[in-house]
Amino acid sequence: MNSRTLAVLVLGLLVGIFIGAGGYTFVYAKGYSYLTNDPAACANCHVMNEQFDGWIKSSHRLVATCNDCHTPEGFLPKYATKASNGFWHSYAFTTGDFHEPIQIKKHNLEIVLAACRKCHQEVVEALDGPHTANQPQTCLPCHRSVGHYMVN
């Protein structure tokens, strides 16, 4: 067996192990559920139980799912965001490298704020007018627990 054949064999073995382990992890961690619009998928990871329970108690559960607030509009932007978040959430939870309590990243916060502004456009426009056009108001300083009702 020459070195080229051995290299191809080793590479094939490594790719097979990677695909097998990835496939097993995807099924075991219910990765397929993240392709749905079911909010229960977000609670597959115990770290999100508090946020899921807060959403269940909030008024938003009647009008919005997790994807309505946490993914951008459009098929490609939505699934690109879900894929990126899925990868980084899996990485963080597997390695234990995440902040407690969990914190939203800047890019994802921008998506959430855009969703707030879209759904509540009339109110937002009324508030932005008297404040400043250069610095649109953000919702979270006053309404932090609206989507995920939390008792402090």
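Owing to the predicted nature of the structure, the values given are computational and were not obtained by experimental measurement.

Focus: the overall build of the protein
Part 1 of the argument: The secondary structure content of the protein amounts to seven helices and zero strands.
Part 2 of the argument: Starting at the N terminus and ending at the C terminus, the protein contains elements arranged as α-α-α-α-α-α-α.
Part 3 of the argument: Scaling as 2.2 N^0.38, a compact globule of 152 residues should have a C-alpha radius of gyration of about 15 Å, whereas the protein reaches 20 Å, well beyond that.
Part 4 of the argument: Based on the C-alpha atoms only, the size of the protein along its principal axes is roughly 75 × 35 × 25 Å.
Part 5 of the argument: Within the protein, buried positions represent 20% of all 152 residues.
Part 6 of the argument: Across the protein, contacts joining residues at least 24 apart in sequence account for 57% of those joining residues at least 6 apart.
Part 7 of the argument: Of the accessible surface of the protein, which amounts to about 11,600 Å², a share of 64% is contributed by carbon and sulfur atoms.

Quick notes on a nonpolar patch on the surface
Part 1 of the argument: The grouping of Met1, Leu6, Leu9, Val10, Leu13, Leu14 and Ile17 at the surface amounts to a nonpolar patch, some 750 Å² of accessible area in total.
Part 2 of the argument: Inspection of the secondary structure puts Leu13 in helix α1 (residues 3-28).

Overview of the pattern of salt bridges
Part 1 of the argument: Under the counting rule described, the total for this entry stands at two salt bridges.
Part 2 of the argument: Lys118 is the salt-bridge partner of Glu73, the closest N and O atoms lying 3.9 Å from each other. On the criterion of sequence distance, the pair formed by Glu73 in the loop between α3 (66-70) and α4 (75-95) and Lys118 in helix α5 (residues 106-119) is long-range, its members being 45 residues apart.
Part 3 of the argument: For Lys106, the salt bridge goes to Glu110, with nearest N and O atoms at 2.8 Å. Remark: Glu110 and Lys106 occur in helix α5; sequence separation between them is four residues, near one turn of the helix.

Digging into the packing of aromatic side chains
Part 1 of the argument: A full pass over the atoms with the stated rule returns six aromatic pairs.
Part 2 of the argument: Where Phe75 meets Tyr79, the ring centres are 5.0 Å apart and the plane angle is 45°; that geometry is what we call tilted. Taken together, the residues span about one helical turn, with Phe75 and Tyr79 both in helix α4 at a distance of four residues.
Part 3 of the argument: Among the residues examined, Phe75 registers a relative accessible area of 61% and is labelled exposed.
Part 4 of the argument: With a relative accessible area of 26%, Tyr79 lands in the partly exposed category.
Part 5 of the argument: Here a set of aromatic residues connected by ring pairs shows up, and it is made of Phe87, Trp88 and Tyr91.

About the thresholds
Residues numbered from 1 in each chain as written. Predicted model: local features only at pLDDT ≥ 70, side-chain atom pairs only at ≥ 80, totals over all residues. Heavy atoms only, no water. Helix = DSSP H or I, 4+ residues; strand = E, 2+ residues; numbered from the N terminus. Rg over C-alpha atoms; globule rule 2.2 N^0.38 Å. Buried < 20%, exposed > 50% of the residue type's maximum accessible area, 1.4 Å probe, protein only. Contact = heavy atoms within 4.5 Å. Areas by Shrake-Rupley, 256 points an atom, 1.4 Å probe, with all protein chains shown as cover. Patch = residues over 30% accessible without salt bridge, like charges linked within 9 Å, V, L, I, M, F, W, Y side chains within 5 Å. Salt bridge = Lys/Arg side-chain N within 4 Å of Asp/Glu carboxyl O. Phe/Tyr/Trp six-rings, centres within 6.5 Å; stacked < 30°, edge-to-face > 60°.

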